[in-house]
Amino acid sequence: MSATIRLKKFGTKKRPYYRIVVMDKQAPRDGKTIDEIGYYHPIEAENKQIEFDIEKAKAWLAKGAVASDTVRRIFNKKNVTVK
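Residues numbered from 1 in each chain as written. Predicted model: local features only at pLDDT ≥ 70, side-chain atom pairs only at ≥ 80, totals over all residues. Heavy atoms only, no water.

In spatial order, the strands read E4-E3-E2-E1-E5; together these five strands make up an open sheet with mixed pairing. Whereas interior strands pair on both sides, the edge strands pair on one side only; in this sheet they are strand E4 (50-52) and strand E5 (66-67). Sheet topology places strand E1 (residues 3-12) next to strand E2 (residues 15-24); ten bridges connect them, and they run antiparallel. Paired with Thr4 across the strands is Met23, a residue of E2. Contacts between helix H1 (residues 54-62) and the sheet are confined to E1, E2, strand E3 (35-40), E4 and E5, with E3 contributing the most and set at about 125 degrees to the helix. Contacts from helix H2 (residues 69-77) reach E1, E2, E3, E4 and E5 within the one sheet, and its direction differs from that of E1 by about 90 degrees. (Pairing = 2+ DSSP bridges. Helix = DSSP H or I, 4+ residues; strand = E, 2+ residues; numbered from the N terminus. Contact = heavy atoms within 4.5 Å. Axes fitted to C-alpha atoms, helices over the stretch in contact; angles between N-to-C directions.)

Here is the structure:
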């Protein structure tokens, strides 16, 4: 099983929010998750948009999980280095 860190969509039409989750690489976007790391609210104020557990993220990346492009950009905003 290869894990990936990606976004899981919630919310309503024109009011989306996302959870940053660890999932099996081949699971559907809104499928079963392995672990939830945090959330991303693109509509909120700049300082309330992103919240996640940095230690969990680093631990999953050390275990070999691959971050999606969007999650990689989110991590870079909070100065978490992703290879």
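As a further point, take H2. Among the residues of H2, those classed as buried are Val71, Ile74 and Phe75. One side of H2 carries all its buried residues, which in axial view fall inside an arc of 100 degrees. Seen from the open side of H2, the exposed residues pointing more than 90 degrees away from its buried face are Asp69, Arg73 and Lys77. On its buried face, H2 is in contact with E1, E2, E3, E4, H1 and E5. Looking at the residues trailing H2, positive phi occurs at Asn79, about 65 degrees. (Buried < 20%, exposed > 50% of the residue type's maximum accessible area, 1.4 Å probe, protein only. Arc of directions from axis to C-beta.)

Here we take up the packing of aromatic side chains. In this structure the tally under the stated criterion is three aromatic pairs. The interplanar angle of 25 degrees and the centroid separation of 6.2 Å between the aromatic rings of Tyr18 and Tyr40 together place this pair among those described as stacked. On the criterion of sequence distance, the pair formed by Tyr18 in strand E2 and Tyr40 in strand E3 is long-range, its members being 22 residues apart. A single burial state applies to Tyr18 and to Tyr40, both of which are buried. Their ring planes at 40 degrees and their centres at 4.8 Å tell us that Phe52 and Phe75 sit as a pair that is tilted. (Phe/Tyr/Trp six-rings, centres within 6.5 Å; stacked < 30°, edge-to-face > 60°.)

By themselves, these observations are geometric and do not establish any function.
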